[in-house]
Amino acid sequence: RQSAVFALNGHRQSFNASVRIKCHVISARFPSQVDMLPVVVVHGGAGHIPKERSEKSIEGVCSATRAGYAVLRGGGSSMDAVVEAVTLLENNPLFNAGCGSVLNIKGEVEMDAIVMDGKTLGSGAVSAVRNIANPIQLARLVMDKTNHACLTSEGASQFARSMGVPEVPQESLITEYARMRWKMNLAPDANPVECQMGKMGTVGAVAVDSEGNIACATSTGGILNRMEGRVGDTPCIGCGGYADNNIGAVSTTGHGEAIMKVILARHILFFMEQGQSVEAASDLGLAHMKSRVGGLGGVVTVDPQGHWAACFSSLQMTWAAAQKDTLHYGLYKGEHFTQSIDEPL
């Protein structure tokens, strides 16, 4: 089944260039909300994935989705599910988060992450953390154990130590691939923003559990060769993610400065508040970001009833979703494959 995914890709690229932003949405084909829940949707970053890495990237996103769905099937919360899914992506060196993070101008790792609970509107985030294997888990601790919404840099590290979170050597978070890309972009004529959009970006997940509670989680290594101390959209509420039981949840990926300018996650939920579907709202938000500030990116979105969408204006975005024991996944615009959640790729 997976070989069919990549056999078709080469024939689709010329067609895809003329296709508008495309969302993959499950609409009201199921008879009730109970039948549609739980659901989890995961993205592995918007941009362009080199051919030699694309198959493993899809496998990684599908594995993360299965892990999140297993939590939900076992009675776990939506927050448990999104943190589990993103943790697996942070542990996978193919993705720009955790041990696959891109490097800043000094050749160092600085990572950002956020979680948000749609029931309480509680949120936790960390920015510019360096020696933590799973920033998404630290972000959840900020939400659960402090009165703050975001901790940064050394303050986040001190908090991690107080919570017993082990530190890891920064070298363990740096791949040869990340170091190679960093060296290439030290050239005076290099454009790190363009290069970043040519690769995978931020990872994230959204979920609705069987109780109807909603959550989001987003994690990133940032943009390539950025200034030391740069903080992007990911840890900012309403930009890197937003969750509200009354509306839905969004996790974003793309160029952080563009996402911040339009407050993309909350902007999409605003459209949903006005009565737009998850598909239309995601489409409108991404189209607005492209027309207003020239930004490309992608999102995964859910509403309280379990409708979901995976949308992107970039060339590609690895995504997967699990609902009603079915795994959905894709890479290119217009691509949507399904199989049993328990069937191997």
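Everything numeric here is computed off the predicted structure, so don't read it as measured data.

*Asks:* How should I be thinking about the overall build of the protein in this particular structure?
*Replies:* Helix and strand counts for the protein stand at eleven helices and 14 strands. Scored against the burial criterion, the 345 residues of the protein give a buried share of 60%. A fraction of 68% describes how many contacts in the protein between residues 6 or more apart in sequence connect residues 24 or more apart.

*Asks:* Which parts of the structure should I look at to understand the confidence of the model for the protein?
*Replies:* Caution applies to low-pLDDT regions: their predicted coordinates should not be interpreted in detail. On average, residues of the protein score 88 in pLDDT, and 87% of them are at 70 or above. Confidence drops under pLDDT 50 across residues 1–22; counting only partners more than four residues distant or on other chains, this segment forms 37 contacts. Low confidence marks residues 24–31, where pLDDT is under 50. Its contacts with residues over four positions away, or in another chain, come to 25 contacts.

*Asks:* Please clarify how the sheet that holds strand β2 (residues 39–47) should be interpreted in this entry.
*Replies:* Sheet strands associate in pairs through backbone hydrogen bonding, adopting either a parallel or an antiparallel arrangement. Read from one edge of the open sheet, nine strands run β5-β4-β3-β7-β6-β2-β12-β13-β14, paired in mixed fashion. What marks the edges here is a single partner per strand, and that holds for β5 (150–152) and β14 (337–340). Neighbouring strand axes in the sheet, compared pairwise and without regard to direction, differ in orientation by 10 degrees on average. Across six bridges, strand β6 (residues 203–208) lies against strand β7 (residues 214–220) in antiparallel orientation.

*Asks:* Whenever I open this one, the nonpolar core confuses me. Can you help?
*Replies:* Burial of nonpolar side chains together is a common tendency in soluble globular proteins. V42, V82, V115 and L138 are the most contacted members of the largest nonpolar core, which totals 55 residues. Of all the elements, helix α4 (residues 78–90) adds the most residues to this core, at seven residues. With 39 residues, the next largest nonpolar core counts V208, Y242, A249 and V262 among its residues.

*Asks:* Which parts of the structure should I look at to understand the environment of A64?
*Replies:* By the element assignment, A64 lies in helix α3 (residues 51–73). C-alpha separation for the pair A64 and A81, spaced 17 residues apart in sequence, amounts to 9.6 Å. With sequence-adjacent residues up to four places away left out, A64 is seen in contact with V42, A85, L88 and L89.

*Asks:* Explanation requested: the packing of α4 against helix α5 (residues 135–145) in the structure shown.
*Replies:* When two helices pack together, you describe them by how their axes are tilted relative to each other and by the distance separating the axes. Axis separation between α4 and α5 bottoms out at 8 Å; the angle between their running directions is 150 degrees. Considering the angle they form, α4 stands roughly antiparallel to α5. Facing M79, D80, V83, V86, T87 and E90 of α4, the residues of α5 in contact are P135, I136, Q137, R140 and M143. Taken together, the residues of the contact of α4 with α5 sort by class into six nonpolar, two polar and three charged.

*Asks:* Explain the packing of helix α10 (residues 264–273) against helix α11 (residues 278–293) here, please?
*Replies:* At a minimum axis separation of 8 Å, α10 and α11 run at an interaxial angle of 135 degrees. The angle between α10 and α11 falls in the class oblique. For the crossing formed where α10 meets α11, the hand is right-handed. Listed contacts from α11 to L264, H267, I268, F271 and M272 of α10 are V278, A281, S282, L284, G285, L286, H288 and M289. Its residues placed into classes, the contact of α10 with α11 shows nine nonpolar, four polar and no charged.

Calculation rules
Residues numbered from 1 in each chain as written. Predicted model: local features only at pLDDT ≥ 70, side-chain atom pairs only at ≥ 80, totals over all residues. Heavy atoms only, no water. Helix = DSSP H or I, 4+ residues; strand = E, 2+ residues; numbered from the N terminus. Buried < 20%, exposed > 50% of the residue type's maximum accessible area, 1.4 Å probe, protein only. Contact = heavy atoms within 4.5 Å. pLDDT = per-residue confidence, 0-100. Pairing = 2+ DSSP bridges. Axes fitted to C-alpha atoms, helices over the stretch in contact; angles between N-to-C directions. Core = buried A, V, L, I, M, F, W, Y, C linked by side-chain atoms within 4.5 Å. Parallel < 35°, antiparallel > 145°, perpendicular 65-115°, else oblique. Nonpolar A, V, L, I, M, F, W, Y, C, P; charged D, E, K, R; others polar. Left-handed = near helix turned anticlockwise from the far one by under 90°.

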